[in-house]
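Understanding the architecture of this molecule
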Amino acid sequence: MSASTNNKLDLRVQSISYAAQDTYLVELCAVDGCVLPDATPGAHIDLNLPNGITRSYSLVRADAQSHSYVVGIKKDAASRGGSRYVHEELRVGTVLTVAGPRNHFPLHLSAQHSVLIAGGIGITPIWCMAQFLEQKGASWELWYSVRTRADAAFLKQIEALGGKVHLHVDDEVGQVMDLQAIITAADPGAHFYCCGPAPMLDAYEQAAAQRDPETVHMERFAAKEAIALEGGFVVSLARTGKELVIPEGSSILNVLLDQGISIDYSCQEGICGCCEVAVLEGDVDHRDAILSESERAQNKTMMVCCSGSRSQRLVLDL
């Protein structure tokens, strides 16, 4: 797992522009004009919005010594207040507190070839990767699926890359993209990256099941598993010696907050990694969409917003 950066920055909304149907690009710059912390392809930042909601959004670019971050934000019909606020109320000039960048979806630069797969707004981190790989002269290809052509962000820039890019428009082709065919045809040494809606990611996991799991990477926008609310165990905080009983119906995060314990959090469903905590003892019931199977087996870290415990006691580095 890549290292995380939890810098808190005051960034001004420099511009808001149209990227595709229901999709805006939001550019953020430091209030004092300083260079921002470096980001790597696949990274995201957390926006603390004025309505009290914190949301994570993927970066469109990953530049060193950059003076701005750009994120792509699609208005979700089922928005709980994040994307809806950005589209309806956020204004140029607003100053936001921003955390990050963090990267739980990193590129593996040693790969012989990279197969990038995106669906809808999942193009945001994938397009970031494509630009980076192109600049490095690496071997890569991009498969981008949208429901309609109006939904395709960065269309002109993507089409300018020619044969490396394959655009699939569902309502023009009459069917969804054939992920099995894409993955089967790829070189044995290829690494795969996929970001998009849940049905696409489920199909991607199934199509790539026979590949080396260390070469199959993905990022989810929504949790795959229900939050652990069974309770019935104790969390011990190693730094203070405090012991907390986690009751049925509560997450570890909720109990920590109720006890006045300060901890970063954002999505509250295990997809952003903001609340990641080191585990010193105990058997975690992992429910996040971030950790790989090998990382879960190592049991060294957990997302306290969504995961629980299979053992009667967990010791956390808090």
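In this text the structure is predicted, and so the values were computed from the model without any measurement.

Our focus in this paragraph is the overall build of the protein chain. Each helix and strand counted, the protein chain has eight helices and 18 strands in total. By the compact-globule yardstick of 20 Å for 318 residues, the protein chain fits well, its C-alpha radius of gyration being 20 Å. Viewed in the frame of its principal axes, the protein chain has a C-alpha envelope of about 60 × 50 × 35 Å. By residue count, 51% of the 318 residues in the protein chain fall in the buried class. At a minimum sequence separation of 6, the contacts of the protein chain that also span at least 24 residues come to 63%. In the structure as shown, the protein chain presents an accessible area of about 14,700 Å², 48% of it carried by carbon and sulfur atoms. Here the protein chain contributes 25 positive and 39 negative side-chain charges, whose respective centroids are spaced 3 Å apart.

Our next topic: the sheet that holds strand S18 (residues 313-316). Strand pairing in a sheet takes place through backbone hydrogen bonds and is either antiparallel or parallel in direction. In space, the five strands of this open sheet follow the order S13-S12-S18-S14-S16, with mixed pairing throughout. Each edge of the open sheet carries a strand with a single partner, namely strand S13 (243-246) and strand S16 (301-303). With direction set aside, neighbouring strand axes in the sheet form an average angle of 40°.

Let's shift gears to the pattern of salt bridges. As enumerated under the stated definition, the model contains 16 salt bridges in all. The closest approach of N and O atoms between Arg287 and Glu230, which form a salt bridge, is 3.2 Å. Placement of the pair is Arg287 in the loop between strand S15 (284-285) and helix H8 (293-298) and Glu230 in the loop between strand S11 (216-220) and strand S12 (233-237), with a sequence separation of 57 residues. Between Glu243 and Arg313 there is a salt bridge, and its shortest N-O distance comes to 3.2 Å. On the criterion of sequence distance, the pair formed by Glu243 in strand S13 and Arg313 in strand S18 is long-range, its members being 70 residues apart. On the basis of relative accessible area, Glu243 is assigned to the partly exposed category, the value being 45%.

Residues of helix H6 (residues 198-207) that are buried include every one of Met200, Leu201, Tyr204 and Ala207, and no others. Buried residues of H6, viewed axially, fall in a sector of 125°; they line one side. Residues of H6 that are exposed and point more than 90 degrees away from the buried face comprise Pro199 and Gln206. Turning to H6, the residues buried within the fold contact strand S7 (113-119), strand S8 (140-146), helix H5 (179-185), strand S10 (190-196) and S11.

Mapped onto the fold, Ser250 is located in the loop between S13 and helix H7 (252-258). For the pair Ser250 and Gly232, spaced 18 residues apart in sequence, the C-alpha separation works out to 9.9 Å. Excluding its chain neighbours within four sequence positions, the residues that come into contact with Ser250 are Ala228, Leu229 and Val255.

On to the confidence of the model for the protein chain, then. Of all residues in the protein chain, 98% have pLDDT values of 70 or greater, and the mean over the chain is 93. Averaged pLDDT values for the elements of the protein chain fall to 89 in H8 and rise to 98 in S7. Ignoring residues within four places in sequence, the model shows residues 1-5, a span with pLDDT below 50, making 14 contacts including any to other chains.

Its 14 residues place the ends of helix H2 (residues 123-136) 19 Å apart at the C-alpha level, agreeing with the 20 Å of an ideal helix rising 1.5 Å per residue. Within H2, 10 of the 14 residues are buried, leaving the element largely enclosed by the surrounding structure. Along H2, the residues that are buried comprise Ile123, Thr124, Pro125, Ile126, Trp127, Cys128, Met129, Ala130, Phe132 and Leu133. Just past H2, the residue Gly137 takes up positive phi, approximately 70°.

Reading guide: rules and limits
The residue count restarts for each chain, going from 1 along the sequence in the order it is written. Selection of residues for local features in this predicted model requires a pLDDT of at least 70, selection of side-chain atom pairs for listing and counting requires 80 or more, and totals for whole chains, interfaces and linings are taken over all residues. Derived side-chain values reflect all non-hydrogen atoms in the structure, with water molecules and hydrogen atoms excluded from consideration. The way it works is that DSSP assigns letters per residue, a run of H or I at least four long becomes a helix, a run of E at least two long becomes a strand, and they are numbered from the N terminus. As a reference, a globule follows 2.2 Å times the number of residues to the power 0.38, and the radius of gyration itself is taken over C-alpha atoms. Partly exposed describes any residue whose relative accessible area lies between the buried limit of under 20% and the exposed limit of over 50%, with all areas from a 1.4 Å probe on protein chains only and scaled to the type maximum. Contact definition: two residues touch when any of their heavy atoms are within 4.5 Å. Per-residue and other accessible areas follow the Shrake-Rupley method at a 1.4 Å probe size, with only the shown protein chains counted as cover for residues. As used throughout, the charge tally considers Lys and Arg to be positive and Asp and Glu to be negative, leaving His and the chain termini uncounted. Charge coordinates come from a single atom per side chain, which is NZ of Lys, CZ of Arg, CG of Asp or CD of Glu. The pairing criterion is simple: DSSP has to find at least two bridges between the two strands. Axis lines are fitted through C-alpha atoms, for helices just across the contact stretch, and the angle between N-to-C directions can take any value from 0 to 180 degrees. Here a salt bridge means any side-chain nitrogen of Lys or Arg lying within 4 Å of a carboxyl oxygen belonging to Asp or Glu. The directions from the helix axis to the C-beta atoms form the arc being described. Each residue carries a pLDDT score, the predictor's own confidence in it, on a scale running from 0 to 100. Any helix carries an expected span of 1.5 Å times its number of residues minus one.

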